[in-house]
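In case you want the letters, here they are:
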Amino acid sequence: MNYYSLNHKAPNASFKDAVIKGIAPDKGLYFPESITPLPQSFFDNIDSLSYNDIAFEAIKQFVSPEIPEAVLKVIVEETLSFDFPVVNLNDNISTLELFHGPTMAFKDVGARFMARCLGYFNQNNDREVTVLVATSGDTGGAVANGFLGVKGVNVVILYPSGKVSDIQEMQLTTLGQNIKALEVNGTFDDCQAMVKTAFLDEALTSKMQLTSANSINVARWLPQLFYFMFAYKQLHNKHKDIVFSVPSGNFGNICAGMMAQQLGLPINHFVASNNANNVVTRYLISQLYEPKPSVQTISNAMDVGAPSNFIRIQEIYKNNFEALKDNVSSYSFSDEATKEAILEVYNNYNYVADPHGAVGYLGCKAYLQENPSAHCVFLETAHPTKFLDVVEEVIKEKQPLPEQIQSVMGKEKESVVISTYEDLKDFLLKS
């Protein structure tokens, strides 16, 4: 599979080159040259397929021929070493739990898949690769864990100071080895802008090989389409009109769901559930796409004012606004509404949702008001104990810490504080 830049001013790249470069030389995101739908028999027989079988068949066309099938099967098996259960709340609403991996966030799948692809590509390469990544919360921990100890790969994570949860910060600042954390005086958008600037700085790229592990990287983004297929496998015999409500920040997850739909997965509709950072919600009302500086909320992983992956969504729909609007609804919810949703889900269903999942739940409720026959699945993207200060305050119940969280508690934080792009550049050149 070859990939082209969405800015259309750079040469096409193989999967390997797209993964290693992260972003095209013309600043564009990479997108696959073609999408071949899976045969109907795949979906007809999905009950008989394991998660590994489903993932292998779904991703195969996007990584061939650079990764041999035998290697890909091992990568998939190592990536998917935990469960993805659907929990029914009522007849119309379920949640897909994506927090059973090592860092208890949905990004574990993409980070582990990409780390293994990059490790395969780099196995006979003497030149080290530096993975440069910005995080608004869970990406940093997932990438740090996924790449920990990978030969020939150094990881530098930028995160906004004071704008990630305590546990999220511990997960990305306590591992050591080949993982370095940079604490940025600014917002996630500032972190993301620094990363994009670094990729285009020839003074840096002439001296080191940089790549990204944000969802702008095809190897981080595409494996997220697995989730939607796993949920379909569990639900399709009970519900026909399946809708996914996706808590949306950088829009990589919902975009991956749309790729699953392009492969033939019978998804009826998508709901892009936003917090106060609602550029897409506003776009679907006004048809004006106006990124704005991000604002801080209790669902911090969604605090993105300029979602990188929205250009991929526009590409999927051939920049046809009406086609996009027919397949996607979007709603925006305040912190106060999010807290009320956490309490409602707990009181009504004895289920503890994290703030991001709560926004997804609110998206389900809003969509079902107009479409009462649908079955809406909201993505529970992170374990609630990663947001203890919010969750325990709302439900008034102490929450036990899972083993994955306990393992980072009490460790010594190691980070370097930076304020400007020049600070980042100096750090990279000296490290």
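About the cut-offs
- Residues numbered from 1 in each chain as written.
- Predicted model: local features only at pLDDT ≥ 70, side-chain atom pairs only at ≥ 80, totals over all residues.
- Heavy atoms only, no water.
- Helix = DSSP H or I, 4+ residues; strand = E, 2+ residues; numbered from the N terminus.
- Rg over C-alpha atoms; globule rule 2.2 N^0.38 Å.
- Contact = heavy atoms within 4.5 Å.
- Areas by Shrake-Rupley, 256 points an atom, 1.4 Å probe, with all protein chains shown as cover.
- Lys, Arg positive; Asp, Glu negative; His and termini not counted.
- Charge placed at Lys NZ, Arg CZ, Asp CG, Glu CD.
- Pairing = 2+ DSSP bridges.
- Axes fitted to C-alpha atoms, helices over the stretch in contact; angles between N-to-C directions.
- Buried < 20%, exposed > 50% of the residue type's maximum accessible area, 1.4 Å probe, protein only.
- Arc of directions from axis to C-beta.
- UniProt positions renumbered as here; feature names shortened; annotations may be inferred.
- Salt bridge = Lys/Arg side-chain N within 4 Å of Asp/Glu carboxyl O.
- Parallel < 35°, antiparallel > 145°, perpendicular 65-115°, else oblique.
- Left-handed = near helix turned anticlockwise from the far one by under 90°.
- Nonpolar A, V, L, I, M, F, W, Y, C, P; charged D, E, K, R; others polar.
- Core = buried A, V, L, I, M, F, W, Y, C linked by side-chain atoms within 4.5 Å.

**Some remarks on the overall build of the protein**
A count of helical and extended segments in the protein gives 20 helices and 14 strands. Taking 22 Å as the expected radius of gyration for a compact globule of 431 residues, we find that the protein reaches 20 Å, a close match to that expectation. Across its three principal directions, the C-alpha atoms of the protein cover 55 × 50 × 45 Å. Of the contacts formed within the protein by residues at least 6 apart in sequence, a portion of 77% connects residues at least 24 apart. For the protein, the accessible area works out to roughly 16300 Å², and carbon and sulfur atoms hold 47% of it. Looking at charge distribution, the protein has the averaged site of its 33 positive side-chain charges lying 5 Å from that of its 48 negative ones.

**Things to note about the sheet that holds strand E6 (residues 129-134)**
The strand order E9-E6-E7-E8-E14 describes an open sheet built from five strands, whose pairing is parallel. Of all the strands in the sheet, just strand E9 (209-211) and strand E14 (416-418) have a single pairing partner and so form its edges. Strand-to-strand twist of the sheet, defined as the mean angle between neighbouring strand axes without regard to direction, takes the value 25°. The sheet contact formed by E6 and strand E7 (residues 153-160) spans six bridges and is parallel. Bridge pairing in E7 places Val129 opposite Val153.

**Digging into helix H20 (residues 421-430)**
For an α-helix the count is 3.6 residues per turn, leaving residues at separations of three or four pointing the same way. Of the residues making up H20, those classed as buried are Tyr421, Leu424, Lys425, Phe427 and Leu428. An end-on view of H20 places all buried positions within 160° of arc, on one side of the element. In the core, the buried residues of H20 are packed alongside E6, E7, strand E8 (179-184), helix H8 (188-199), helix H9 (202-205) and E14.

**Concerning the UniProt feature "domain: Tryptophan synthase beta chain-like PALP" (unreviewed entry) in the protein**
UniProt marks residues 97-371 with the feature "domain: Tryptophan synthase beta chain-like PALP" (unreviewed entry), using the numbering shown here. As annotated, residues 97-371 comprises 47% helix and 15% strand, and the C-alpha atoms at either end are separated by 24 Å.

**Some details on the pattern of salt bridges**
By the definition in use, this model includes seven salt bridges. Between Glu57 and Lys60 there is a salt bridge whose closest N-O contact spans 3.3 Å. Pair noted here: Glu57 and Lys60 are both in helix H3 (residues 51-63), with a separation of three residues, about one helical turn. Glu57 gets classed as partly exposed once you look at its relative accessible area, which sits at 30%. In this structure, Lys398 engages Glu392 in a salt bridge whose closest nitrogen and oxygen atoms are separated by 3.9 Å. A residue is classified by how much of its surface remains accessible, and Lys398, at 71% relative accessible area, is exposed. On the accessibility criterion, Glu392 (17% relative accessible area) is buried. Residues joined by salt bridges that share partners form a network here, namely Glu169, Glu183 and Lys413.

**Details of the UniProt feature "domain: Threonine synthase N-terminal" (unreviewed entry) in the protein**
What UniProt calls "domain: Threonine synthase N-terminal" (unreviewed entry) maps, in this numbering, to residues 2-79. In residues 2-79, helix accounts for 46% and strand for 12%; the two terminal C-alpha atoms are 23 Å from one another.

**Quick look at the packing of helix H16 (residues 335-349) against helix H18 (residues 388-395)**
Axis separation between H16 and H18 bottoms out at 9 Å; the angle between their running directions is 60°. Here H16 lies oblique to H18, going by the angle between them. Handedness of the H16/H18 crossing: right-handed. Where H16 approaches H18, its residues Lys339, Ile342, Leu343 and Tyr346 are matched on the opposing element by Val390, Glu393, Val394 and Ile395. Its residues assigned to classes, the contact of H16 with H18 comprises six nonpolar, no polar and two charged.

**Focus: the nonpolar core**
The biggest cluster of nonpolar side chains holds 126 residues, and the ones touching the most others in it are Phe147, Leu158, Leu225 and Met229. No other element matches helix H11 (residues 225-235), which puts nine residues into this core. Apart from residues no more than four positions distant in its own chain, Leu158 is found in contact with Leu132, Val133, Ala134, Thr135, Leu182, Val184, Cys191, Met194, Val195, Ile418 and Leu424.

**Here's the deal with the side chain of Lys386**
Within the secondary structure, Lys386 is located in the loop between strand E13 (375-380) and H18. Apart from residues lying up to four places away in sequence, Lys386 is in contact with Thr103, Met104, Ala105, Asp138, Ser165, Ile167, Gln168, Gln171 and Ile405.

**Looking at the sheet that holds strand E4 (residues 86-88)**
Strand order in this open sheet of six strands is E4-E5-E13-E10-E11-E12, and the pairing throughout is mixed. A strand with exactly one partner marks an edge of an open sheet, and here the two such strands are E4 and strand E12 (328-332). Going across the sheet, the axis of each strand differs from the next one's by a mean of 25°, ignoring polarity. Direction of pairing for strand E10 (residues 242-247) relative to strand E11 (residues 269-274): parallel, over a ladder of five bridges. By the bridge assignment for E11, Pro247 is matched with Ser273. Helix H12 (residues 252-262) rests against E10, E11, E12 and E13 of the sheet, and its axis sits at about 175° to E11. Lying over the sheet, helix H13 (residues 279-286) contacts E11 and E12, oriented at roughly 120° with respect to E12.

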